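Below are the chains, spelled out letter by letter.
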There are 2 protein chains.
Amino acid sequence: MTRRLAEVAKKVGVSEATVSRVLNGKPGVSDATREAVLTALDVLGYERPTQLRGDRARLVGLVLPELQNPIFPAFAEVVGGALAQQGFTSVLCTRTVGGVSEADYVDLLLQQQVSGVVFAGGLYAQADASHGHYELLHERKLPTVLVNAAVERLDFPQVSCDDVVAAEMALGHVRALGHERIGLVLGPKDHVPSRRKLETFQAEGGDPELVEHTMFSLEGGHAAAARLVRRGVTAVICASDLLALGTVRAARRAGLSVPGDVSVVGFDDSALMNCTEPPLTTVRQPIDAMGRAVVDLLVAQIDKAVVPADELLFEPELVVRASTARPRA
Amino acid sequence: MTRRLAEVAKKVGVSEATVSRVLNGKPGVSDATREAVLTALDVLGYERPTQLRGDRARLVGLVLPELQNPIFPAFAEVVGGALAQQGFTSVLCTRTVGGVSEADYVDLLLQQQVSGVVFAGGLYAQADASHGHYELLHERKLPTVLVNAAVERLDFPQVSCDDVVAAEMALGHVRALGHERIGLVLGPKDHVPSRRKLETFQAEGGDPELVEHTMFSLEGGHAAAARLVRRGVTAVICASDLLALGTVRAARRAGLSVPGDVSVVGFDDSALMNCTEPPLTTVRQPIDAMGRAVVDLLVAQIDKAVVPADELLFEPELVVRASTARPRA
DNA sequence: TAAGCGGTTGCAAGGACTTGCGTTGATAGC
DNA sequence: GCTATCAACGCAAGTCCTTGCAACCGCTTA
């Protein structure tokens with residue numbers, strides 16, 4: 001970058017002093033000259049100083065694990081919209097196959113000078129995964145909010161859907177219908193919300209033999225539920241709607257009808273779940289309220305307010321549709 | 001920023017020379033010292049030079065209009081995954097209610113020094129909207145690919161699903177079943193893919209009286225289809241799966257069955273459309289192939305290759321499920 | 001133990017950038 | 001037509017940053 005000022009000055013036909021003033025936003029330069037200098041800077045391939053790029057860089061990182069499950073795009077829309085109203089722009093980062101790790105995204109977001117970061121259903125949810133990058137955020141004092149999981153050691157504010165209540169609701173619903181042999185399809189073993197649902201399931205007397213862990217996808221649900229169906233469950237509670245749809249498919253593949261032979265309960269109430277066959281009974285996460293809480297917590301931190309590193313628990317809501325019914329007598 | 005080097009040097013306990021070397025990425029500094037200097041820089045609130053932020057800033061902007069329609073998150077996953085394999089990180093930008101405009105996103109992405117931009121179903125699709133920001137991209141010679149629309153005046157490479165073939169397939173399918181009174185539910189009037197479908201519909205002898213424009217949402221489809229149903233159509237072709245689901249709902253609200261009384265054809269074949277009631281007959285966009293083509297075109301541009309500003313047309317595929325049938329005699 | 005060697009760091013000269021001040025030129029007022 | 005005024009800009013001194021060179025340190029080798 002030797003002789004940057006000299007080169008630009010020569011190109012524009014002004015003195016180095018003038019170029020220097022433009023680059024530092026100093027007064028005493030006409031608009032026309034300022035514009036000419038900046039243009040020459042771009043033409044010559046130099047980078048403009050940050051403050052001249054307009055300081056609209058009010059960016060917030062939004063880190064999601066995937067986009068397949070419709071709950072994540074839906075959540076991104078809620079949070080993105082609420083942030084936009086506060087004058088922030090959200091940058092959506094998704095881990096994809098063969099893609100970028102969460103730690104990489106944290107590096108990236110730090111480099112981009114984001115004002116804050118929101119993690120939803122990310123690695124942090126997996127208790128066994130590396131947490132080094134969270135500590136990095138903590139050191140840098142970057143405003144952060146975690147959604148639907150807990151990292152106990154770190155002091156981040158958290159927003160979650162109450163998994164205990166969710167599991168109780170689902171279990172209570174199918175038991176009230178008369179089911180006794182009830183299966184549970186969960187995400188990976190180190191996924192905290194799944195772990196919490198499992199604990200509640202067992203505390204409420206659910207059969208630990210009828211619990212399956214799998215990946216969060218329709219196919220994963222299919223495989224896990226197939227095992228449960230073979231063991232004669234009459235109801236299956238799932239940790240996501242996609243798992244529930246996989247469960248419906250597994251039951252049908254086994255020649256059973258839903259809800260005639262097997263009742264299925266989902267979790268999330270993501271979009272279109274009232275258009276499915278059968279319309280899915282599910283436990284709704286209040287993502288609107290949660291999203292707004294996330295943004296409030298984040299903006300408060302950005303405004304230097306002291307935010308307690310508590311976990312805000314939101315009450316889910318049971319949405320009864322047509323995938324659950326009384327068991328066959 | 002007076003005495004930056006001196007201040008940092010004093011804090012770390014080294015000479016200004018060493019700090020200078022670190023800031024310029026020069027060799028001859030131990031890793032420990034380098035780290036200490038960078039940490040001090042952060043602590044003192046100075047900004048790291050761009051090249052030290054890891055030159056992994058191989059960012060690509062991915063601008064989508066919304067995330068409600070599952071086709072957009074799906075597309076984002078395909079493109080994001082393919083980009084990740086090439087070592088790029090995608091930044092997903094979504095316009096949301098009360099949110100950021102496409103022009104704002106372009107500014108933002110330029111500021112973040114992205115390597116390229118992909119627009120899908122964005123403003124550019126709307127022929128009447130402002131295109132100033134596309135010209136800006138063109139001036140800066142920033143690699144850009146447009147998906148599913150045309151901006152004739154600008155020389156951007158484009159990747160699209162062939163709307164002519166899509167409309168012919170859908171129309172041919174319902175006509176082969178014996179339908180004659182066929183409605184068409186499209187997006188906004190200035191949405192280019194909708195416009196192309198309309199032209200094909202008319203060229204193939206479709207009735208212009210049975211065409212409705214609406215917003216791209218389930219509710220929009222419901223409202224538009226309700227008007228068509230009142231006019232006695234026996235089949236409805238829709239410009240997206242969400243519109244099709246809205247159409248199914250409108251038909252049922254009118255006391256008609258699908259496909260018994262009304263056949264419905266969607267467009268996109270987004271996820272879960274085989275789980276709906278009824279499973280939706282739809283025209284599949286080959287988003288995998290399209291996504292890979294987008295990435296190829298973009299990476300070629302980034303690698304300074306000359307890419308023709310053509311429109312690559314991808315053939316859609318008719319997926320017949322259970323929302324279409326012969327009309328009642 | 002001393003010499004050799006490679007990696008790390010400070011010194012200081014030289015170069016790049018900044019800034020106070022003076023000059024220029026345009027405009028307006030007398 | 002003359003001059004006061006002021007914005008815009010260049011000059012050059014001063015400040016800050018960069019870099020070649022040499023000193024230093026720890027390690028290996030004779």
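Residues numbered from 1 in each chain as written. Chains lettered and ligands numbered in written order. Predicted model: local features only at pLDDT ≥ 70, side-chain atom pairs only at ≥ 80, totals over all residues. Heavy atoms only, no water.

Right, let's get into the environment of Ala6 of chain B. For Ala6 of chain B, the position within the fold is in helix 1 (residues 4-12). Measuring from C-alpha to C-alpha, the distance between Ala6 of chain B and Val19 of chain B comes to 8.5 Å, with 13 residues separating the pair along the chain. (Helix = DSSP H or I, 4+ residues; strand = E, 2+ residues; numbered from the N terminus.)

In this section: the pattern of salt bridges. All names here are of chain B. Taken as a whole, this structure holds 18 salt bridges over all chains when the rule is applied. Between Asp261 and Arg328 there is a salt bridge whose closest N-O contact spans 2.6 Å. Linking Asp261 in the loop between helix 10 (241-253) and strand 9 (263-268) with Arg328 in the segment after strand 12 (317-319), this pair joins segments that are 67 residues apart in sequence. Here Arg321 and Asp269 are joined by a salt bridge, their closest N and O atoms 3.2 Å apart. In this pair, Arg321 sits in the segment after strand 12 while Asp269 sits in the loop between strand 9 and strand 10 (281-284), placing the two residues 52 residues apart along the sequence. Judged by its relative accessible area of 21%, Arg321 is partly exposed. (Salt bridge = Lys/Arg side-chain N within 4 Å of Asp/Glu carboxyl O. Buried < 20%, exposed > 50% of the residue type's maximum accessible area, 1.4 Å probe, protein only.)

This part is about helix 8 (residues 192-203) of chain A. Residue and element names in this part refer to chain A. When the terminal C-alpha atoms of helix 8 are compared, their 16 Å separation across 12 residues agrees well with the 16 Å that a helix rising 1.5 Å per residue should span. The set of residues buried in helix 8 consists of Val192, Pro193, Ser194, Arg196, Lys197, Leu198, Thr200 and Phe201. Residues of helix 8 that are buried sit in contact with strand 5 (158-161), helix 7 (163-176), strand 6 (182-186), strand 7 (211-213), strand 9 (263-268) and strand 11 (311-314). Just downstream of helix 8 lies Gly205, where phi reads positive at about 90 degrees. (Expected span 1.5 Å × (residues − 1). Contact = heavy atoms within 4.5 Å.)

This paragraph deals with the sheet that holds strand 6 of chain A. Residues and elements named next belong to chain A. The 6 strands are arranged 7-6-8-9-10-12 in an open sheet whose pairing can be described as mixed. Bordering the open sheet on either side are strand 7 and strand 12 (317-319), each of which pairs with just one other strand. With direction set aside, neighbouring strand axes in the sheet form an average angle of 20 degrees. Relative to strand 9, strand 8 (residues 235-238) is paired through 3 bridges, and the arrangement is parallel. Within strand 9, the residue paired with Ala235 across the bridge is Ser263. (Pairing = 2+ DSSP bridges. Axes fitted to C-alpha atoms, helices over the stretch in contact; angles between N-to-C directions.)

Around DNA strand C, 19 residues are found, and the nearest of them are Ser20 and Lys26 of chain A together with Thr18, Gly28 and Thr33 of chain B. Sugar and phosphate atoms represent 70% of those atoms of DNA strand C found within 4 Å of the protein. Here Ser15 of chain B contributes a backbone N or O atom positioned 2.8 Å from a phosphate oxygen of DNA strand C. A distance of 3.0 Å separates a base nitrogen of DNA strand C from a polar side-chain atom of Arg21 of chain B. When contributions to the surface near DNA strand C are tallied by element, the ones reaching two or more residues are helix 1 (4-12) and helix 2 (16-23) of chain A together with helix 2 (16-23) of chain B. Taken together, the residues of the surface near DNA strand C break down into 6 nonpolar, 8 polar and 5 charged. (Near = heavy atom within 4 Å. Polar contact = N/O pair within 3.5 Å; in protein donor to acceptor, adjacent residues only side chain to side chain. Nonpolar A, V, L, I, M, F, W, Y, C, P; charged D, E, K, R; others polar.)

A few words now on the environment of Gly220 of chain A. Residue and element names in this part refer to chain A. Tracing the chain through its elements places Gly220 in helix 9 (residues 218-230). Accessibility expressed as a relative area gives 7% for Gly220, which makes it buried. In this structure, the C-alpha to C-alpha distance between Gly220 and Val185, residues 35 residues apart in sequence, is 9.4 Å. Ignoring any residue separated from it by four or fewer positions in sequence, one finds Gly220 in contact with Thr214, Met215 and Leu243.

Next up on the list: the protein's contact with DNA strand D. Ser15, Thr18 and Thr33 of chain A together with Ser20 and Lys26 of chain B are the nearest of the 19 residues found near DNA strand D. Among atoms of DNA strand D positioned within 4 Å of the protein, sugar and phosphate together represent 71%. A distance of 3.0 Å separates a phosphate oxygen of DNA strand D from a polar backbone atom of Ser30 of chain A. At a separation of 2.8 Å, a phosphate oxygen of DNA strand D approaches a polar side-chain atom of Ser20 of chain B. Taken together, the elements giving at least two residues each to the surface near DNA strand D come down to helix 2 of chain A together with helix 1 and helix 2 of chain B. For the surface near DNA strand D, the per-class residue count stands at 5 nonpolar, 9 polar and 5 charged.

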